[in-house]
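Residue-level listing of the chains:
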Amino acid sequence: MSQKIFIKTFGCQMNEYDSNRIYDTVKKIGFIKTDQYEDADCYILNTCHIRDKAKEKVYHEIGRLKKNLRFKIKPLVIVAGCVAQAENEEILKREPYIDLVIGPQAYHKINDTILNYKIRKRKQEETEFDVITKFEYLSKIKNQTKKISSFLTIQEGCDKFCNFCVVPYTRGPEYSRPFDQILEEAKQLVDSGSKEIILLGQNVNAYDFEGLRLSNLILELEKFSNLKRIRYMTSHPKDMTNDLIEVYKSSKKLMPLVHLPIQSGSDKVLKLMNRKHTVKTYLEIFSKLKKINPEIKFSSDFIVSYPGEDENDLNDTLKLIDEVKFINSFSFIFSPRPGTVASDLPIINKKKSLEKLEIIQQKLFNNQIKMNESLENKIINVLVENRMDNKSKLFGRSEYMTSVLFNGSDDLIGKIVKVRIQNCNRNTLFGEIVEQLNEKVA
Ligand code: SAM
Ligand code: SF4
Ligand code: F3S
């Protein structure tokens, strides 16, 4: 009889991609996915270590699981992801309810690790960086997300070592998957119904496989006739090379939203962060892209209250937000991460930091609202992804990734339709369908 597996995922899109690939992998040893953790024979927590008390959150989550399942047979409990990588065997020592620890570069070993545990009942941690074998293994297992918009990891790891960031330690050095392996996976996704592919990497535009870059990959994907939209994230300003910028001239499928984290609008802070780019180089990228297509918009990530940031630096960031008019952006208070250069720097007090965050977010939210309001009474292209959980409306996304809700029938799912926007809030556009743009291809 097949066994049930449940995965709870925290963190970035790469973790989401990983969780889906774990599901595809464990199917081979008889597991089926369940959305009810109470029914699971195997429970996996796919963790993120980027901010706050990530480690404590893991123990809290497992403590809650233990309490909720106290009258049931204990499932096999696995901690995966970036906290698993950072903490490895410490996790097993601290919480006996956890059976296995598997880091992000060892997912190809998950089936053997589970089967071994079932036989020997010996706790184990697998946190070696073995990224080449991982992708070779995963490429033999079909990617079966069956989603209209699918993630595809093309690159992992980071060599940039920003002083605040834990990623180079949890995901290891930069690695680019073989070009053909990626195209093969993209083909599988498109054959199984995906209309949009979001290429992923911690530094996705650092992709370099034997001289083939992200630009080459996008141009190849452009040729897949059943693929309608291409996106990529997260990119680093230093790797925003001219060949990638040039693709925006010819590509019809590359969406006009560029997610390019800057973190701060002050060169002083960027230097303190070891970001390896300046505000000027960032703005140069911005103006090159705007020249190619004035409709291109930028989104970004910001860190406020990085140690050493003063009022002038904050004002520089606000000025930059006014200039670039970022939409769909993220902002966070600096969170010291163990093992990073900035971990022991004197932090700015919480109240002040919250005030600063609010100021930045207010500006970002205003841009967002203005952008959404500017679309009222206009007709936009929407890729229809699914029906809302409450069954009422269809859900799709604009070219700028904004959620769009409207009435329509299920046969529109997977198609690009024209929607007239009637009203909006900060995160969502509401509209009515005007016209269907192209035929759905199964
Ligand atoms: N590689 C991307 C780049 O170059 O910006 C970022 C990837 S990181 C997974 C996503 C975002 O988390 C970063 O852009 C940054 O804003 C935020 N972040 C990373 N470390 C952080 C920290 N210690 N405190 C607060 N935010 C942090
Ligand atoms: Fe982290 Fe910096 Fe690498 Fe991005 S570029 S993953 S922020 S170290
Ligand atoms: Fe978190 Fe790891 Fe992604 S730390 S943001 S899950 S790379």
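Residues numbered from 1 in each chain as written. Chains lettered and ligands numbered in written order. Predicted model: local features only at pLDDT ≥ 70, side-chain atom pairs only at ≥ 80, totals over all residues. Heavy atoms only, no water.

### A look at the site of ligand 1
Neighbouring ligand 1 are 16 residues, the closest being Phe-164, Gln-202, Gln-263, Asp-301 and Ser-335. In this structure, an oxygen atom belonging to ligand 1 sits 2.7 Å away from a side-chain N or O atom of Gln-263. Within the side chain of Asp-301, one N or O atom sits 2.6 Å away from an oxygen atom of ligand 1. Summarising the interface, the protein chains cover 90% of the accessible area of ligand 1, which totals 570 Å² for the free molecule. Mapped by element, the contributors of at least two residues to the shell around ligand 1 are strand S16 (301–304) and strand S17 (330–333). Among the residues making up the shell around ligand 1, the classes are represented as seven nonpolar, five polar and four charged. (Near = heavy atom within 4 Å. Polar contact = N/O pair within 3.5 Å; in protein donor to acceptor, adjacent residues only side chain to side chain. Areas by Shrake-Rupley, 256 points an atom, 1.4 Å probe, with all protein chains shown as cover. Helix = DSSP H or I, 4+ residues; strand = E, 2+ residues; numbered from the N terminus. Nonpolar A, V, L, I, M, F, W, Y, C, P; charged D, E, K, R; others polar.)

### What to know about the domain arrangement of the protein
Here the protein is partitioned into domain 1 (3–130), domain 2 (133–373) and domain 3 (379–433). Computed from C-alpha coordinates alone, the two centres of domain 1 and domain 3 are separated by 35 Å. (Domains from an automatic or database assignment.)

### Some points on the environment of Asn-203
Structurally, Asn-203 is set in the loop between strand S10 (196–200) and strand S11 (208–209). In this structure the C-alpha to C-alpha distance between Asn-203 and Pro-237, which are 34 residues apart in sequence, comes to 9.6 Å.

### Re the packing of helix H13 (residues 311–324) against helix H14 (residues 350–374)
In the contact formed by H13 and H14, the axes pass within 10 Å of each other and the chain directions differ by 10°. The orientation of H13 relative to H14 falls into the category roughly parallel. Between H13, through Glu-311, Leu-314, Thr-317, Leu-318, Ile-321 and Asp-322, and H14, the contact on the second element is made entirely by Lys-352, Lys-356, Ile-359, Ile-360, Lys-363, Leu-364 and Asn-367. In terms of residue class, the contact of H13 with H14 is made up of six nonpolar, two polar and five charged. (Axes fitted to C-alpha atoms, helices over the stretch in contact; angles between N-to-C directions. Parallel < 35°, antiparallel > 145°, perpendicular 65-115°, else oblique. Contact = heavy atoms within 4.5 Å.)

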